[in-house]
There are 2 protein chains.
Amino acid sequence: MAANRRPTLADVAREVGVSAKTVSRVLNEDGPASARTREQVLAAVAKLGFQPNLMARNIRVGGPDTTIGLVVPDLGNPFFGAVAGGIEDVVRDRGLTLLMGSSADEPARERGLTDKFLARRISILMVIPSVGSDHSHLRSHRSTGLPIVFVDRPGAGLTTDSVVSSNLAGAHEGVAHLIAHGHRRIGFVGDLPTNLYTRRERLAGYRSALAEAGLPHDRSLVINAHDQHGASVCTSRLLELASPPTALFAGNNIVALGMVAELARIKRKDVAVVAFDDVPLAEALEPALTVVAQDPEEIGRKAAETALARLDGDRSRARTITVPTRLIVRGSGELTAS
Amino acid sequence: MAANRRPTLADVAREVGVSAKTVSRVLNEDGPASARTREQVLAAVAKLGFQPNLMARNIRVGGPDTTIGLVVPDLGNPFFGAVAGGIEDVVRDRGLTLLMGSSADEPARERGLTDKFLARRISILMVIPSVGSDHSHLRSHRSTGLPIVFVDRPGAGLTTDSVVSSNLAGAHEGVAHLIAHGHRRIGFVGDLPTNLYTRRERLAGYRSALAEAGLPHDRSLVINAHDQHGASVCTSRLLELASPPTALFAGNNIVALGMVAELARIKRKDVAVVAFDDVPLAEALEPALTVVAQDPEEIGRKAAETALARLDGDRSRARTITVPTRLIVRGSGELTAS
DNA sequence: ATGAAAGCGCTAACAC
DNA sequence: GTGTTAGCGCTTTCAT
């Protein structure tokens, strides 16, 4: 009972008293088959509980496997979960299945995952690149016709399609919102590492908004954190400056959580806040949190659509698709500067 | 340039002037190989950009594929993302990769995914069962030695391992907390459909806490919602009753979001609340949200450990592992009844 | 309408 | 230390 072999095509054929090829024909609705044969085969399949071995099929047919490899930094981060959901929505109809792994933003783990995926002959590769990753090794795969899409951040060493949020414009809009309410000293708490693409773009948006308003750029107001707790520490540190900011901009969802938690802890409702990326319960906070919302599902969908187009023969040059962000005004950004 | 064939073992062998088996030996560190041969082979592998075809290998070796199939209801729900992360943490060292798909809680989609996974000859199957699914068709696979684990909810029609939260005890503890603060009319907003395992268990916990305190069970105080908005509607409906509850219990994280959002919207800070499942920013709310926290990563880890033990030959009878919940008191449950 | 033989890319089993 | 043969489970090609 323990380790029974699974039945094969040959087993089914033997059961019916027919050749393997005939069974194959019935199951794939390939060539012709008499009604009687078809019935018998189907009956035997059901009886034996036969399920075709997809790997064996793929190997013979030679085409890629019907999977799509996706590398994310962290499976637990809802942002990436939403991206994955968007991808799945689009590829489901094509019969593609998601192969997923998390890189912890470490290039070595990212490389290990992509190598494994490639060894499986995936149909599409999608990567949210880790900081410091180099992707030139993927060139030979691209030239084999494998669609590769970088998601959320651009890759390095390989020219291919990518899908990102309007990070710079979104941050600009959020900071401009604060400036419009009279703030002149605005703190920025960003991601780590500091050369992370999204952090650089959003910081650039922060700076451009300041420049547009003719405000000076004070480096002491820019600080970075790796996790939620770090963001809390950064927040209190900024507020303890000799000349503290009257408003804060959070560079991502995790930072936003830490920042809001810290402001609640020290009961500071007078500090204006705008966060990049929406968070649950933003409306229930006091004041309700104003955010620059991303659309992770849409990012996933666009990435999937692009990759499928490539699979269908689209040979146009690599594009970068920008998914717009949206300022959702809820109150926390409208506190006026003292 | 477009659809170049990927190099095979034979290509590498030809390049070096050696047999395919020798290349295989070098790459898998199987049998012996002279230092010189090894070098030449490695050089050729690098030159041609050869990557072994894992599917071909698997088919020959006959063992299962080094993947683990995971069906979740919704990729975007952070609870399931955290479960997936816990699983990955445990199986990574064994070289197993996650194959994931979302069922939308529809039995047909769940079945489609498991069938696809099984056709790929996965090493382990993990399912968060949809309401109404039947799993008796998996019996033949179990008897082939495939470890199957139900996660978060028990499956139907198949006796196998499962890992769940202490739903009943957790809900009991949360409701008892409210009772201890003088509440006698406590509303319960649960999941839909009403026969969902987690809802039934948590409702049972709610009832047992009432019974323990000698409180009557008023059916009009129990109501259900499918999504966040529905939970908001349920919340206001409960509060509009002729004899409204003074405290509310939220049956899951999504319901909690809707409930808290609604209470904030109508500015009711006098209603005590305890939620099942933690939510981000619970500490930053006013009052801070008291929750019965689950540990999704631990659920994932336990499920993975159980499955790996089965893979390693554990033939003991099927177990149900219960991962404890933890009451986190933050304030919202301590409002005393008027 | 069906079957036989060959072969996809790889490795097990046996040579030498 | 290395090569040969056979064969995993399936499909292609060509017969019949």
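Note that the coordinates shown come from a computational prediction; the quantities given were computed from them, not determined experimentally. (Residues numbered from 1 in each chain as written. Chains lettered and ligands numbered in written order. Predicted model: local features only at pLDDT ≥ 70, side-chain atom pairs only at ≥ 80, totals over all residues. Heavy atoms only, no water.)

### Comments concerning the protein's contact with DNA strand D
Quick note on the threshold: We call a residue near a molecule or strand whenever a single non-hydrogen atom of that residue lies within 4 Å of it. The definition of a polar contact used here is a pair of N or O atoms within 3.5 Å, where within protein one atom must be able to donate a hydrogen and the other to accept one, and adjacent residues in sequence count solely through side-chain atom pairs. Secondary structure counts use DSSP, requiring at least four H or I residues in a row for a helix and at least two E residues in a row for a strand, with both numbered from the N terminus. Put simply, Ala, Val, Leu, Ile, Met, Phe, Trp, Tyr, Cys and Pro go in the nonpolar bin, Asp, Glu, Lys and Arg in the charged bin, and everything else, Gly too, in the polar bin.
In the region of DNA strand D, 24 residues are neighbours, and Leu9(A), Lys21(A), Thr22(B), Thr37(B) and Arg60(B) sit closest. Arg60(A) has a polar side-chain atom sitting 3.0 Å from a base oxygen of DNA strand D. Among the secondary structure elements, those contributing two or more residues to the surface near DNA strand D are helix H2 (20–28) and helix H4 (54–61) of chain A together with helix H2 (20–28) and helix H4 (54–61) of chain B. No other element matches the five residues that H4(A) contributes to the surface near DNA strand D. When grouped by side-chain class, the residues that make up the surface near DNA strand D number 10 nonpolar, eight polar and six charged.

### Focus on the relation of the copies chain A and chain B
Where we set the bar: A least-squares superposition brings the copies together, and it is based on the C-alpha atoms of residues with pLDDT no lower than 70 in both. Between two residues, a contact is recorded if the distance between any of their heavy atoms is within 4.5 Å.
For the pair chain A and chain B, the best superposition has an RMSD of 0.1 Å and corresponds to a rotation of 180° with a translation of 0.1 Å parallel to the axis. Accordingly, the operation relating the two chain copies is best matched by a two-fold axis. The residues that chain A uses at the interface reappear at the interface of chain B in 100% of cases, marking a shared surface.

### Let's talk about the side chain of Ser103(A)
Residues and elements named next belong to chain A. How we decide: Three labels apply to residues, based on accessible area from a 1.4 Å probe with only protein chains included: buried if under 20% of the type maximum, exposed if over 50%, partly exposed otherwise in between.
With respect to the helices and strands, the residue Ser-103 is situated in the loop between strand S2 (97–102) and helix H6 (107–119). Its relative accessible area of 0% is what places Ser-103 among the buried residues. A polar atom in the side chain of Ser-103 sits 3.4 Å from the side chain of Ser-130. In this structure Ser-103 touches Val-71, Val-72, Pro-73, Arg-109, Glu-110, Leu-113 and Ser-130, once residues within four positions along its chain are discounted.

### Let's talk about the protein's contact with DNA strand C
In the vicinity of DNA strand C there are 25 residues, among which Thr22(A), Arg25(A), Thr37(A), Arg60(A) and Leu9(B) approach most closely. Taking all atoms of DNA strand C within 4 Å of the protein, the share assigned to sugar and phosphate is 60%. Between DNA strand C and Ala56(B) there is a distance of 3.4 Å, counted from a base nitrogen to a backbone nitrogen or oxygen. At a separation of 3.0 Å, a phosphate oxygen of DNA strand C approaches a polar side-chain atom of Arg57(B). With five residues, the single largest contributor to the surface near DNA strand C is H4(B). In terms of residue class, the surface near DNA strand C is made up of 10 nonpolar, eight polar and seven charged.

### As for the sheet that holds strand S9 (residues 272–276) of chain A
Residues and elements named next belong to chain A. Defined as follows: When DSSP finds two or more bridges between a pair of strands, those strands are recorded as paired. To obtain each axis, a line is fitted to C-alpha atoms, and for helices this fit is confined to the stretch in contact; angles are then taken between N-to-C directions over 0 to 180 degrees.
Ordered by their spatial adjacency, six strands build an open sheet running S7-S6-S8-S9-S10-S12, and the pairing between neighbours is mixed. Sheet topology places strand S7 (222–224) and strand S12 (326–328) at the edges, where each strand pairs with a single neighbour. When the angles between neighbouring strand axes are averaged without regard to direction, this sheet yields 20°. Here strand S10 (residues 290–293) pairs with S12 via three bridges, running antiparallel. Across the sheet, residue Ala-293 finds its bridge partner in S12, namely Arg-326. In the packing of helix H8 (residues 167–180) onto the sheet, contacts are made with strand S6 (186–190), strand S8 (247–250), S9, S10 and S12, and the angle to S9 comes to roughly 170°. The strands touched by helix H11 (residues 253–265) are S6, S8 and S9; relative to S8, the strand with the most contacts, the crossing angle is about 145°.

### Re the packing of helix H10 (residues 228–239) of chain B against helix H11 (residues 253–265) of chain B
Residues and elements named next belong to chain B. Here is the rule: When an angle is under 35 degrees it counts as roughly parallel; over 145 it counts as roughly antiparallel; between 65 and 115 it counts as roughly perpendicular; any other value is oblique. For a crossing to be left-handed, the near helix must be turned anticlockwise from the far one by less than a right angle; the clockwise case is right-handed.
With their axes 7 Å apart at the nearest point, H10 and H11 run at an angle of 55° to one another. Between H10 and H11, the angle is such that the two are oblique. In this structure, H10 meets H11 at a crossing whose hand is right-handed. Within the contact between the two elements, H10 uses Gln-228, Ala-231, Ser-232, Thr-235, Ser-236 and Leu-239 and H11 uses Ile-254, Val-255, Leu-257, Gly-258, Met-259, Ala-261, Glu-262 and Leu-263. The residue inventory of the contact of H10 with H11, partitioned by class, reads eight nonpolar, five polar and one charged.

### Overview of the environment of Ala250(A)
All names here are of chain A. Looking at the element boundaries, Ala-250 is found in strand S8. Here Ala-250 falls in the buried class, since its relative accessible area comes to 0%. When the C-alpha positions of Ala-250 and Val-273 are compared, they lie 7.6 Å apart, and in sequence the two are 23 residues distant. Setting aside chain neighbours within four positions, we find Ala-250 in contact with Val-189, Val-255, Ala-256, Met-259, Val-274, Ala-275 and Phe-276.

### Here's the deal with the packing of H2(B) against helix H3 (residues 35–48) of chain B
Residues and elements named next belong to chain B. Direction vectors running N to C along H2 and H3 enclose 90°, while the axes themselves pass 10 Å from each other. Judged by the inter-axis angle, H2 sits roughly perpendicular to H3. Here Thr-22, Val-23, Val-26 and Leu-27 of H2 lie close against H3, whose contacting residues are Thr-37, Arg-38, Val-41, Leu-42 and Val-45. Residues belonging to the contact of H2 with H3 are distributed by class as follows: six nonpolar, two polar and one charged.

### Regarding the UniProt feature "domain: HTH lacI-type" (unreviewed entry) in chain A
Put simply, the rule is: UniProt positions are given in the numbering used here, feature names are shortened, and annotations may be inferred rather than shown by experiment.
Mapped onto the present numbering, the UniProt feature "domain: HTH lacI-type" (unreviewed entry) falls on residues 7–61 of chain A. Taken as a whole, residues 7–61 of chain A contains 71% helix and 0% strand, while its terminal C-alpha atoms sit 21 Å from one another.

### Details of the layout of surface pockets
Inclusion rule: A cavity, in this analysis, means grid points on a 1 Å lattice covering only the protein atoms where a 1.4 Å probe fits yet has no way out; a pocket is instead an open set bounded by protein on both sides within 12 Å along at least five of seven lines, and a residue lines either one if it has an atom within 4 Å of a point. Grid points are joined across faces, edges and corners, and a volume is the space filled by probe spheres set on the points.
Looking at the second largest pocket, its volume works out to about 1,300 Å³. Lining the second largest pocket are 44 residues; nearest its centre among them are Arg121(A), Arg6(B), Gln51(B), Pro52(B) and Asn53(B). Those elements giving two or more residues to the lining of the second largest pocket turn out to be H4, H6 and helix H12 (296–311) of chain A together with helix H1 (9–16), H2 and H4 of chain B. It is H4(B) that contributes the most residues to the lining of the second largest pocket, six residues altogether.

### Some points on the pattern of salt bridges
Where we set the bar: Should a side-chain nitrogen of Lys or Arg be within 4 Å of a carboxyl oxygen of Asp or Glu, the pair is scored as a salt bridge.
For the structure shown, the criterion picks out 44 salt bridges over all chains. Note that Arg94(A) and Asp312(A) form a salt bridge whose closest N and O atoms lie 2.9 Å from each other. With a gap of 218 residues between them, Arg94(A) in the loop between helix H5 (78–91) and S2 and Asp312(A) in the loop between H12 and strand S11 (320–323) connect regions that are remote in the sequence. We classify Asp312(A) as exposed; its relative accessible area is 54%. Note that Asp89(B) and Arg92(B) form a salt bridge whose closest N and O atoms lie 3.0 Å from each other. What emerges from the salt-bridge pattern is a single network uniting Asp161(A), Arg310(A), Asp314(A) and Arg319(A).

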